[in-house]
Amino acid sequence: MKALVFGGTSEGRALAEWLLGKGIPALVSVATDYGGELLPDGVERHVGRLSGSEMRSLMRSGGFDIVVDATHPYASAATETIAAASAAEGLEYVRLLRGGDERGEWLSARDAAEAAEMLLDMPGRVLLTTGSKELAAFAPLAGRACPRVLPSMASLEKCLSLGFPAKDIICMQGPFTREMNEAMIRQYGIDILVTKLTGSAGGFSEKVEAARSCGCRLLVIERPTHESGLALGEVERLLEERWNS
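The following refers to the structure shown. Computed from a predicted structure; not experimentally measured. Sequence order sets the numbering: in each chain, residues are counted from 1 along the sequence as written. For this predicted model, a pLDDT threshold of at least 70 governs which residues receive local features, and a threshold of 80 or more governs which side-chain atom pairs are given and counted, while totals over whole chains, interfaces and linings are taken from all residues. Excluded from the side-chain calculation are hydrogens and water; included are all heavy atoms of the structure.

## A short note on the pairing of strand β1 (residues 3–6)
Side-chain positions along a regular strand alternate between the two faces of the sheet. Each residue is assigned to one of three classes by its accessible area relative to the maximum for its type, calculated with a 1.4 Å probe on protein chains only: buried under 20%, partly exposed between the two thresholds, exposed over 50%. Runs of H or I in DSSP of at least four residues are treated as helices and runs of E of at least two as strands, each being numbered from the N terminus. Residue alternation in β1 divides its side chains into two sets, A3 and V5 and L4 and F6, and both sets are buried. The parallel pair β1 and strand β2 (residues 26–30) is bridged by helix α1 (residues 10–22), and the resulting crossover is right-handed. At least two bridges found by DSSP between two strands is the condition for calling them paired. Summarising the sheet, β1 and strand β4 (residues 66–69) pair through four bridges and their orientation is parallel. Its bridge partner lying in β4, L4 is registered against V67. By convention, orient the strands away from the viewer: a clockwise path from the first strand over the helix to the second makes the crossover right-handed.

Written out as structure tokens, the structure reads:
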């Protein structure tokens, strides 16, 4: 049995480390060089974004028996492509779900575009903790918004190209503690914190607690879909059963 894992998330890295420890053959596919650097040493990896046809080619050539989709919960297009490629190649497909359907008292937006539109009518400085992928939607807020992105040249260059001043760009690897979030809120004079419903793996509760502690408004971009799948421990048990069968 050999597994193909589409990762790039903390859950994907945890699964990769578990597979390595169990001696279960696996290839972990990540979209970026930075994602590859974060994988545990010794993990077989593929680095680079793949189209649907490229995914199918990889699945055919790698001798895989099962595909695990451990991509980000907001990467709905990637999930659809991986599921379709797996079905086309006749491979078992498993969606690894991130926990965290928290609900609370905060402002909600359907997507980044709606969040940006709402922020235009909300005075004050903004901390964007939604990553660089959809940062273009927030470009009109450059000058009063601080994007917090991964410490990669691609992320930094994207922020600068969209007009965000260098003094407002925070390049750091999370997740962050409540205390670290509080420090950033105070340091940058933040009035509104924008985040996604990322669950514990994405440090969601630490952001909520920090915002409340600092008297900061919270704007949450909801997840695009309600998915079915398995938690990390359930995926590990399934893979171990397949390996031992």
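## Overview of the pattern of salt bridges
A side-chain nitrogen of Lys or Arg and a carboxyl oxygen of Asp or Glu constitute a salt bridge if their distance falls within 4 Å. Under the criterion given, the structure shown has 13 salt bridges. For K2, the salt bridge is made with E44, and the minimal N-O distance between the two is 3.7 Å. Separated by 42 residues along the polypeptide, K2 in the segment before β1 and E44 in strand β3 (residues 44–47) bring together distant segments of the chain. Its relative accessible area of 43% is what places E44 among the partly exposed residues. Among the salt bridges present, the one from D69 reaches R95, with a minimum N-O distance of 3.3 Å. With a gap of 26 residues between them, D69 in strand β4 and R95 in strand β5 (residues 92–95) connect regions that are remote in the sequence.

## Topic: the packing of helix α3 (residues 52–61) against helix α4 (residues 76–88)
The convention used is that axes are lines fitted to C-alpha atoms, helices contributing only their stretch in contact, and that angles between N-to-C directions extend from 0 to 180 degrees. Between α3 and α4, the shortest axis-to-axis distance is 9 Å and the interhelical angle comes to 45°. With respect to α4, the element α3 is oriented oblique. Seen from above, α3 lies across α4 with right-handed handedness. Here G52, M55, R56 and M59 of α3 lie close against α4, whose contacting residues are T81, I82, A85, S86 and A88. Residue composition of the contact of α3 with α4, grouped by class: five nonpolar, three polar and one charged. These descriptions rest on fixed angle ranges, namely under 35 degrees for roughly parallel, over 145 for roughly antiparallel, 65 to 115 for roughly perpendicular, and the rest for oblique. The handedness criterion is simple: a crossing whose near helix is rotated anticlockwise from the far helix by less than a right angle is left-handed, and one whose near helix is rotated clockwise is right-handed. Contact definition: two residues touch when any of their heavy atoms are within 4.5 Å. Each residue gets one of three labels, nonpolar for Ala, Val, Leu, Ile, Met, Phe, Trp, Tyr, Cys and Pro, charged for Asp, Glu, Lys and Arg, and polar for the others, Gly among them.

## Overview of α4
Taking 1.5 Å of rise per residue, the 13 residues of α4 would be expected to cover 18 Å, and the 18 Å separating its terminal C-alpha atoms lies within 8% of that figure. Restricting attention to buried positions, one finds in α4 the residues T79, I82, A85 and S86. The arc enclosing the buried residues of α4, seen along the axis, measures out at 135°, which places them on a common side. For α4, exposure combined with an orientation more than 90 degrees from the buried face picks out A77, E80 and A87. If you follow the buried residues of α4, they end up packed against β1, α3, β4 and β5. Where α4 terminates, the next one or two residues include G90, which has phi positive at roughly 70°. Every helix has an expected span of 1.5 Å times one less than the residues it contains. What the arc describes is the spread of directions from the helix axis to the C-beta atoms.

Geometric descriptors of this kind do not, in isolation, establish any biological role.
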